[in-house]
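Chain by chain, the residues:
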Amino acid sequence: MAAEISDETIREIASHYEAILKLLGEDTTREGLVKTPMRAAKAMAYATRGYRQDPDAIINDAVFSHEGSRMVIVKDIEFYSLCEHHILPFFGKVSVGYIPDGKTIGLSKLARLVDFYARRLQVQERMTAQICNIIMEKLNAKGVIVVCSGEHLCMKMRGVEKQDSTTTTIETAGVFSDSNTLRDDFFHALSH
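Residues numbered from 1 in each chain as written. Predicted model: local features only at pLDDT ≥ 70, side-chain atom pairs only at ≥ 80, totals over all residues. Heavy atoms only, no water.

### A word on the environment of Ile5
Secondary-structure assignment places Ile5 in the segment before helix H1 (7–23). Spatially, the C-alpha atom of Ile5 lies 7.1 Å from that of Ala45, the residues being 40 residues apart in sequence. Those residues in contact with Ile5, other than ones at most four positions away along the chain, are Ile10, Ala45 and Arg52. (Helix = DSSP H or I, 4+ residues; strand = E, 2+ residues; numbered from the N terminus. Contact = heavy atoms within 4.5 Å.)

### Some details on the sheet that holds strand S6 (residues 143–152)
Overall, mixed pairing links the five strands, which are arranged S5-S2-S3-S6-S7 in an open sheet. The two strands at the open ends of the sheet, each matched to only one other strand, are strand S5 (121–122) and strand S7 (167–174). Sheet analysis places strand S3 (residues 89–99) next to S6, joined by ten bridges and oriented antiparallel. Bridging from a neighbouring strand, Gly97 pairs with Ile145 of S6. Its contacts with the sheet place helix H4 (residues 107–118) against strand S2 (72–83), S3 and S5, and it is angled at close to 20° to S2. (Pairing = 2+ DSSP bridges. Axes fitted to C-alpha atoms, helices over the stretch in contact; angles between N-to-C directions.)

### Some thoughts on unusual backbone geometry
In this structure, Asn60 takes a positive phi of about 45° despite not being glycine. Checked against the element boundaries, Asn60 lands in the loop between helix H3 (55–59) and strand S1 (63–65). Phi is positive for Asp61, which is not a glycine, with a value near 60°. Checked against the element boundaries, Asp61 lands in the loop between H3 and S1. Looking at Asp61, the relative accessible area reads 71%, which means it is exposed. (Buried < 20%, exposed > 50% of the residue type's maximum accessible area, 1.4 Å probe, protein only.)

In structure tokens, the structure reads:
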């Protein structure tokens, strides 16, 4: 589903990792590091595969006509991303709710859309909004709500080093933006 990075590009990324390791004072010829630049380049390509994906290909005709659901919720979709400020991981869970307007989407596609935005250099606030906006756009739903809770290694392993901190972001569109009752119903459903 993701366009592949060429072998030439992977080798170029690996050469930069090797240069960084040398600048840090490492001996890139020692046994444990000989293959590290290539492994790191491949890992970075995987971790940023969202840049090379197409949301329409992800959805792949998995939008279906459906009447009657008041609210659809998929909760605790795990995600892994990289903070664009420090290129350190942040990870957590996303919960999505939407009110259909004649269309529903295959449930796995919601998880794939989360990954589409998570698998790139990112900030949690923007990622939450992007997930909300694409679901609203692709389903033309009556409303969408997205809640994201993440742990950021840029706060845990450097800087303030606060091990128990989490960040929660919430984005709404359509009727969820206007209705306290709908938002309350969503959060009540998440807590059960």
